[in-house]
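Here is how the chains run, residue by residue.
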Amino acid sequence: MTQPPVGATLTRLSLPDRAVERFETGSLPVYAIGDELVLKFYPAEDADEARIEATALDVLDGRLPVATPEPVAHGGVDDWHYLLMRRVPGRGLDEVWPSLSPAERLRLCERIGAVAAELHAVTDSRCAELGPADWAQFVAQRCEAVEAHHRSQELAPEWLARIPDFLDSVSLPASPTVLLHTELLREHVFVRRDGERWSVSGLIDFEPAMTGAREYEFVAASVYLAGGEAGLWRGFLRGYGLSADEEFARRCLAYTLLHRYSSLRTYLTWMPVPGTPSFDALARLWFGTSMHT
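Everything quoted here is computed from the prediction, not taken from an experiment.

A. Spotlight on helix H2 (residues 47-60). Under the 1.5 Å per step criterion, the end-to-end length of H2 is 20 Å for 14 residues, consistent within 8% with the ideal 20 Å. All of the buried residues in H2 are Ala 50, Ile 52, Glu 53, Ala 54, Thr 55, Ala 56, Leu 57, Val 59 and Leu 60. Structurally, H2 contributes buried residues whose contacts are with strand S3 (37-43), strand S4 (71-77), strand S5 (80-86), helix H4 (102-121) and strand S7 (178-180). Of the residues trailing H2, Gly 62 is marked for its positive phi of about 75 degrees.

Below is the structure:
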């Protein structure tokens, strides 16, 4: 892949003399521009992601109890699309996570759950631009592709063979749909010190945002944020304002299989696993509350 035209873009934005530093992490090229701005690039094939992130940030600007990147400008240079944003205060939760106490981790997971509830409560006609246009059709398409998806990732045959029957047994209503981040990973949650405590300061990376069932959001919250720790998952749901029952847990696991970026084979390496392959047991372990041990 060619390098993004950072200099030409900054010249176009009348920022030619700003200090530039590339962030080391992330799937797309992202640069700090001075202390206050961030410049993100998307290759031509990811034009939709550029449009989606710009739209989502426009919708969310000032509407959550935590910061989201304020969009400043977006456009294209050469074969790249770019989005210039104001920087969100704080540090990635993934950076500070190893140093946090169990109580601090729980408190932050509860707060992130509350922020997720606020996100899902946002209504705006522009959310329709994020897609998919028809959630039920999206789910149907994912169901058609699900076995091939997980087979390509070399999921163990004893799990792969059980996918069709499990999905057939789960009811996935077509509505209501909400605004979804879809990747509530620790690196996408920003935190900062408020005296002796850490607080949630922001959410970043909205290029995979979409509208859909809220349980689709909870895949990353359980697998990546709570990371298999039952108490942290319960804390997230408590902050969100939910009490999980068995059908809720089964819907969450169904969306774990159907998620665009799902890797069940990988999740099984760090999440708790039942003694014998069973998706119902897996749902209780990963997405239940009272069912957790």
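B. Summary view of the packing of H4 against helix H9 (residues 230-240). It is the contact of H4 with H9, at a shortest axis distance of 6 Å, that shows an interaxial angle of 40 degrees. Classified by the angle between their axes, H4 and H9 sit oblique to one another. When you trace H4 past H9, the crossing you get is right-handed. Taken together, the residues of H9 that come into contact with H4 (itself represented by Arg 105, Leu 106, Cys 109, Glu 110, Ile 112, Gly 113, Ala 114, Ala 116, Ala 117 and His 120) are Gly 231, Leu 232, Gly 235, Phe 236, Arg 238, Gly 239 and Tyr 240. Residues belonging to the contact of H4 with H9 are distributed by class as follows: nine nonpolar, five polar and three charged.

C. Quick look at the pairing of S5. Among the seven residues that make up S5, five are buried, leaving the element largely enclosed by the rest of the structure. Relative to S5, S3 is paired through seven bridges, and the arrangement is antiparallel. Paired with Val 38 across the strands is Met 85, a residue of S5. As paired strands, S4 and S5 are joined by six bridges and run antiparallel to one another. Its bridge partner lying in S5, Ala 73 is registered against Leu 84. What sits between the antiparallel neighbours S4 and S5 is a turn of two residues, in which Asp 78 has the positive phi angle 55 degrees.

D. Structural view of the nonpolar core. Judged by nonpolar contacts, the single largest core of 83 residues is most densely connected at Leu 93, Trp 233, Phe 236, Phe 279 and Trp 286. Residue contributions to this core peak at eight residues, all from helix H10 (residues 246-258). Counting residues in hydrophobic clusters, the runner-up holds 13 residues, among them Tyr 31, Leu 39, Phe 41 and Val 77.

E. Structural context of unusual backbone geometry. Geometrically, the link from Gly 131 to Pro 132 is a cis peptide bond, its omega value of -5 degrees lying close to zero. Following Ser 175, the chain continues into Pro 176 via a peptide bond in cis, with omega recorded as 0 degrees. By secondary structure assignment, the location of Pro 176 is in the loop between helix H7 (163-168) and S7. A positive phi angle, near 65 degrees, is found at Asp 205, a position not held by glycine. Relative to the assigned elements, Asp 205 resides in the loop between strand S9 (197-203) and strand S10 (210-212).

Definitions and cut-offs
Residues numbered from 1 in each chain as written. Predicted model: local features only at pLDDT ≥ 70, side-chain atom pairs only at ≥ 80, totals over all residues. Heavy atoms only, no water. Helix = DSSP H or I, 4+ residues; strand = E, 2+ residues; numbered from the N terminus. Expected span 1.5 Å × (residues − 1). Buried < 20%, exposed > 50% of the residue type's maximum accessible area, 1.4 Å probe, protein only. Contact = heavy atoms within 4.5 Å. Axes fitted to C-alpha atoms, helices over the stretch in contact; angles between N-to-C directions. Parallel < 35°, antiparallel > 145°, perpendicular 65-115°, else oblique. Left-handed = near helix turned anticlockwise from the far one by under 90°. Nonpolar A, V, L, I, M, F, W, Y, C, P; charged D, E, K, R; others polar. Pairing = 2+ DSSP bridges. Core = buried A, V, L, I, M, F, W, Y, C linked by side-chain atoms within 4.5 Å.

None of this, on its own, says anything about what the molecule does.
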